[in-house]
Amino acid sequence: MIDLPANTIHGLVALANSIQEICGYVLDDGSFIVMPNISDAPMDSYEVNPESQGWILPMVWERVVAMFHTHPRGICWPSDEDMRNWPPAASEGGARYFIVTAREVREFRLDEDGKPKPVG
Ligand SMILES: [Zn+2]
């Protein structure tokens with residue numbers, strides 16, 4: 001079980017019921033920020049709008065504990081595209097990396113071989 005407040009888990013899981021992938025950040029008080037997904041194929045992928053990121057992140061960066069995105073129909077495991085676009089901030093251990101489905105929130109890290117590994 002992931003170490004997040006129950007309200008945070010319920011809120012994130014509810015987002016995964018959207019038909020499109022939703023992405024954003026979890027803050028240190030358990031709240032979360034949804035960022036605009038500007039992917040050309042938002043049903044199966046996400047891309048955070050860099051403009052929004054540019055003005056929102058500086059305001060909250062010190063409070064960001066995790067980045068998340070949903071897999072509305074997918075499994076709770078990083079996709080090939082997720083692996084190609086693994087955020088540097090998560091690789092360096094700065095922020096946790098969550099994948100959310102309509103059933104659960106799971107955290108992943110890359111192991112020494114660069115393979116995804118569920119945490120907890
Ligand atoms: Zn994904």
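Residues numbered from 1 in each chain as written. Predicted model: local features only at pLDDT ≥ 70, side-chain atom pairs only at ≥ 80, totals over all residues.

J.: Got a sec to walk through the overall build of the protein chain? Specific residues and values, please.
T.: In terms of regular secondary structure, the protein chain is built from 4 helices and 6 strands. Helices (α) and strands (β) of the protein chain occur, in sequence order from the N terminus, as α-β-β-α-β-α-α-β-β-β. Here the C-alpha radius of gyration of the protein chain, 13 Å, is about what a compact globule of 120 residues would show, namely 14 Å. Taking the principal axes of its C-alpha atoms as reference, the protein chain extends roughly 35 × 30 × 30 Å. (Helix = DSSP H or I, 4+ residues; strand = E, 2+ residues; numbered from the N terminus. Rg over C-alpha atoms; globule rule 2.2 N^0.38 Å.)

J.: I'd like a description of the pairing of strand β6 (residues 116-119), backed by residues and values.
T.: Examined bridge by bridge, strand β5 (residues 105-110) and β6 share 4 bridges and lie antiparallel to one another. Bridging from a neighbouring strand, E107 pairs with V119 of β6. Hairpin connection from β5 to β6: 5 residues lie between these consecutive antiparallel strands, with G114 at a positive phi of about 80 degrees. (Pairing = 2+ DSSP bridges.)

J.: So what about the nonpolar core? Which residues, and what values?
T.: Counting residues in each nonpolar core, the largest one holds 21 residues, and the members touching the most others are L12, C23, V26, A66, F68, F98 and V100. Of all the secondary-structure elements, those providing two or more residues to this core are α1 (6-15), β1 (23-27), β2 (32-35), β3 (64-70), β4 (96-100) and β5. Looking at this core element by element, the count peaks at 4 residues for β4. The contact partners of F68, leaving out residues within four places of it in the chain, are L12, C23, G24, V26, F98 and V100. (Core = buried A, V, L, I, M, F, W, Y, C linked by C-beta atoms within 7 Å. Buried ≥ 20, exposed ≤ 12 C-beta atoms within 10 Å, placed from the backbone. Contact = placed C-beta atoms within 7 Å.)

J.: How would you summarise the pairing of β1 if you had to cite specific residues and measurements?
T.: Taken residue by residue, a regular strand's side chains alternate between the two faces of the sheet. β1 sits mainly inside the fold: 4 of its 5 residues count as buried. Where β1 meets β2, 4 bridges bridge the pair, whose relative direction is antiparallel. Residue pairing across strands places V26 opposite F32, the latter belonging to β2. Hairpin connection from β1 to β2: 4 residues lie between these consecutive antiparallel strands, with G30 at a positive phi of about 90 degrees. With 5 bridges connecting them, β1 and β3 associate as antiparallel partners. Bridge pairing links L27 to V64 in β3.

J.: A description of the sheet that holds β6 should follow, citing residues and the corresponding values.
T.: Reading across from one edge, β2-β1-β3-β4-β5-β6 is the order of the 6 strands in this open sheet, with mixed pairing throughout. At either margin of the open sheet sits one strand with a lone partner, and together these are β2 and β6. Each strand axis lies, on average, 35 degrees off the axis of its neighbour in the sheet, ignoring direction. Of the strands in this sheet, β1, β2 and β3 touch helix α2 (residues 50-60), which is tilted by about 170 degrees from β2. (Axes fitted to C-alpha atoms, helices over the stretch in contact; angles between N-to-C directions.)

J.: Tell me about the environment of H69, and name the residues and values.
T.: Looking at the element boundaries, H69 is found in strand β3. In this structure H69 touches E21, I22, C23, Y46 and I99, once residues within four positions along its chain are discounted.

J.: Can you lay out the confidence of the model for the protein chain for me, pointing to particular residues and giving the numbers?
T.: Confidence in the prediction for the protein chain averages 92 pLDDT; 98% of positions are at 70 or higher. The weakest mean pLDDT in the protein chain belongs to helix α4 (residues 88-91) at 79; the strongest belongs to α1 at 97. (pLDDT = per-residue confidence, 0-100.)

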